[in-house]
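Here is how the chains run, residue by residue.
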Amino acid sequence: MEIIHEPRVYLVSRQTLDRDAIDQFLDQYGMSWETDTEVGGEQLVEASGRVCYMSFGKGRKTNSEYIGNLISMKHGSVLEHASWEFVIAGVSRSFSHELVRHRAGWAYSQLSQRYVDESVANFVEPQIIAEDERLHQIWQRSVEASHQAYRELAEGLMEKVAARQNGAGTKTHQRKLSREAARSVLPNATETMIFCSANARALRHFFELRGSEGAEAEIRRVAIKLLRLMQDEAPTLFGDYEIITLEDGSEVTQTQFQKV
Ligand SMILES: Cc1cc2nc3c(=O)[nH]c(=O)nc-3n(C[C@H](O)[C@H](O)[C@H](O)COP(=O)(O)OP(=O)(O)OC[C@H]3O[C@@H](n4cnc5c(N)ncnc54)[C@H](O)[C@@H]3O)c2cc1C
């Protein structure tokens with residue numbers, strides 16, 4: 001069993017804009033468009049926004065000016081055209097329970113505890129417990145006891161299910177029936193991994209809610225990591241967020257453009 005203290009966030013996929021197709025479309029209307037960004041998500045948001053007023057080649061010149069105006073005017077629906085995929089690992093089931101409350105603009109695929117054996121599992125320890133030896137000992141004892149109970153239950157349940165089915169049913173089905181019942185004793189600290197898709201508007205909403213001081217510590221750390229990734233990836237869409245370090249050393253996000 002490994003004890004985990006640091007969430008991991010991977011940006012695994014990004015969109016691109018087909019410039020040839022856009023140019024063909026614009027050609028029909030005697031228009032052309034140059035943009036100063038190479039980032040697919042930023043191009044997509046600018047191109048989709050410019051369709052609204054057919055403002056290609058007109059008005060605000062830079063991608064930063066264009067997107068900055070969309071954000072300040074709260075034209076958030078245009079931001080939904082750009083999306084990315086992430087894998088988040090080294091996080092707990094309590095984290096994922098909070099994450100999946102974000103519905104609009106998100107899609108999820110999470111590790112199944114019915115199909116995947118948790119006999120060898122890792123556990124995520126909250127920082128505030130890890131930094132205190134006495135509390136850490138209590139936490140570790142509790143996690144180990146739950147994990148041991150899981151292993152014993154999974155084994156006992158396999159025998160029970162197999163006997164009840166009396167030769168019928170596949171091993172896969174028997175394991176699923178056993179694990180789905182045995183997992184009821186696994187703690188919230190059990191590590192999970194989750195593949196997510198999210199669009200720019202949904203991400204901004206997530207950064208605001210989960211990067212705030214009121215947010216739970218683990219999801220806040222993920223929000224800050226994800227924000228840093230996205231500020232590198234698409235600065236014109238996420239550059240307005242500041243990351244501020246609080247007195248306790250933890251970080252929060254802040255922007256003047258909330259809920260676009
Ligand atoms: C600090 C903190 C504490 C929390 N505590 C609790 C708690 O104790 N218990 C609890 O249950 N949850 C709690 N939550 C979760 C919270 O209630 C939300 O479920 C979560 O933050 C997702 O927010 P959302 O619904 O705005 O996001 P999304 O589901 O992504 O929705 C984004 C936005 O789309 C719009 N929208 C989405 N769906 C609909 C709809 N069906 N109808 C109309 N508009 C819609 C809304 O404007 C919404 O804000 C907490 C969240 C935070 C940040």
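Every value quoted in this text rests on a predicted model; they were computed, and no experiment measured them.

## Side note on the side chain of Arg 204
Mapped onto the secondary structure, Arg 204 falls in helix H8 (residues 200–210). Residue classification places Arg 204 among the buried positions, given a relative accessible area of 1%. A distance of 2.8 Å separates a polar atom in the side chain of Arg 204 from a polar atom in the side chain of Asp 240. Apart from residues no more than four positions distant in its own chain, Arg 204 is found in contact with Ile 71, Leu 79, Leu 237, Phe 238, Asp 240, Tyr 241, Thr 255, Phe 257 and Val 260.

## Focus on the packing of aromatic side chains
The tally for this structure, following the rule as stated, stands at nine aromatic pairs. For the ring pair Trp 84 and Phe 238, a centre distance of 5.9 Å and an interplane angle of 65° mean the geometry is edge-to-face. Here Trp 84 is found in strand E3 (residues 83–92), whereas its partner Phe 238 is found in helix H10 (residues 235–238), with 154 residues between them in sequence. The two residues Trp 84 and Phe 238 agree in class, both being buried. Feature note: the residues Trp 84, Trp 106, Tyr 108, Phe 206, Phe 207, Phe 238 and Tyr 241 constitute an aromatic cluster, connected by ring pairs.

## Overview of H8
Counting buried residues along H8, eight of its eleven residues qualify, which places the element largely inside the surrounding structure. Ala 200, Ala 202, Leu 203, Arg 204, Phe 206, Phe 207, Glu 208 and Arg 210 are the residues of H8 that are buried. Its side-chain oxygen at 3.0 Å from the backbone nitrogen of Arg 201, Asn 199 defines the N-terminal cap of H8.

## A word on the domain arrangement of the protein chain
It is common to report an interface's size as the accessible area lost on association of the parts. The domains assigned to the protein chain are domain 1 (12–80), domain 2 (82–111 + 191–254) and domain 3 (123–185). Domain 2 and domain 3 are separated by 29 Å when their C-alpha centres are compared. Each partner contributes to the interface: domain 2 provides seven residues, whereas domain 3 provides four residues. Together domain 2 and domain 3 conceal approximately 320 Å² of surface at their shared face, both sides included; 53% is due to carbon and sulfur atoms. In this assembly, domain 2 and domain 3 are joined by zero salt bridges. Counting the contacts that link domain 2 with domain 3 gives zero residue pairs in polar contact (both at pLDDT 80 or more). Those elements that place two or more of their residues in the side of domain 2 that touches domain 3 are E3 and helix H9 (217–233). Looking at the side of domain 2 that touches domain 3 element by element, the count peaks at three residues for E3. Across the side of domain 2 that touches domain 3, the residue classes tally to one nonpolar, two polar and four charged.

## Overview of the nonpolar core
Trp 84, Phe 86, Ile 88, Leu 203, Phe 207, Leu 237 and Phe 238 are the most contacted members of the largest nonpolar core, which totals 38 residues. Those elements giving two or more residues to this core turn out to be strand E2 (8–14), helix H3 (63–72), E3, helix H4 (93–99), strand E6 (191–199), H8, H9 and H10. With six residues, H9 is the largest single contributor of residues to this core. When residues of this core are sorted by domain, at least three fall in each of domain 1 (12–80) and domain 2 (82–111 + 191–254). Residues Leu 17, Leu 26, Trp 33 and Ala 47 belong to the second largest nonpolar core, which totals eight residues.

## Digging into the site of the ligand
As a matter of local geometry, the ligand sits amid Arg 101, His 102, Arg 103, Ala 104, His 205, Leu 209, Arg 210, Gly 214 and Lys 259. Within the side chain of Arg 103, an N or O atom sits 2.7 Å from an oxygen atom of the ligand. Here Lys 259 contributes a side-chain N or O atom positioned 2.7 Å from an oxygen atom of the ligand. About the coverage of the ligand: the protein hides 45% of its 950 Å² of free accessible area. Among the residues forming the shell around the ligand, the class breakdown is two nonpolar, three polar and four charged.

Reading the values: the criteria
Along each chain, residues carry numbers from 1 onward, in the same order as the chain's sequence is written. In keeping with the predicted nature of the model, local features appear solely for residues at pLDDT of at least 70, side-chain atom pairs appear and are counted solely at 80 or more, and the whole-chain, interface and lining totals rest on all residues. Note that the side-chain values use all heavy atoms of the structure and ignore hydrogens as well as water. For the purposes of this entry, the term helix denotes a DSSP run of H or I that reaches at least four residues, the term strand denotes a run of E that reaches at least two, and both are numbered from the N terminus. Residue burial is assigned from relative accessible area. The probe radius is 1.4 Å, only protein chains are included, and a residue is buried under 20% of its type maximum, exposed over 50%, and partly exposed in between. Any N or O atom pair separated by 3.5 Å or less is treated as a polar contact, with the protein-specific requirement of one donor-capable and one acceptor-capable atom, and with residues adjacent in sequence counted only for side-chain atom pairs. Contacts were defined at the residue level, with two residues in contact if any of their heavy atoms lie within 4.5 Å. Ring pairs shown here join Phe, Tyr and Trp side chains whose ring centres sit within 6.5 Å, with only the six-membered ring taken for Trp; geometry is labelled stacked below 30 degrees between planes, edge-to-face above 60, and tilted in between. Boundaries of every domain are those given by an automatic assignment or by a domain database. Accessible surface is computed with a 1.4 Å probe, and the buried area is the amount of it that two parts give up when combined, taken over both parts together. By definition here, a salt bridge exists when the distance from a side-chain nitrogen of Lys or Arg to a carboxyl oxygen of Asp or Glu is within 4 Å. All amino acids are sorted into three groups, where Ala, Val, Leu, Ile, Met, Phe, Trp, Tyr, Cys and Pro are nonpolar, Asp, Glu, Lys and Arg are charged, and the leftover types, Gly among them, are polar. Throughout this description, the term nonpolar core refers to a set of buried Ala, Val, Leu, Ile, Met, Phe, Trp, Tyr and Cys residues connected via side-chain atoms within 4.5 Å. In these notes, residues near a molecule or strand are those with any non-hydrogen atom within 4 Å of it. Under the convention used here, a 1.4 Å probe and the Shrake-Rupley method define accessible areas, while residue burial counts only the protein chains that appear.

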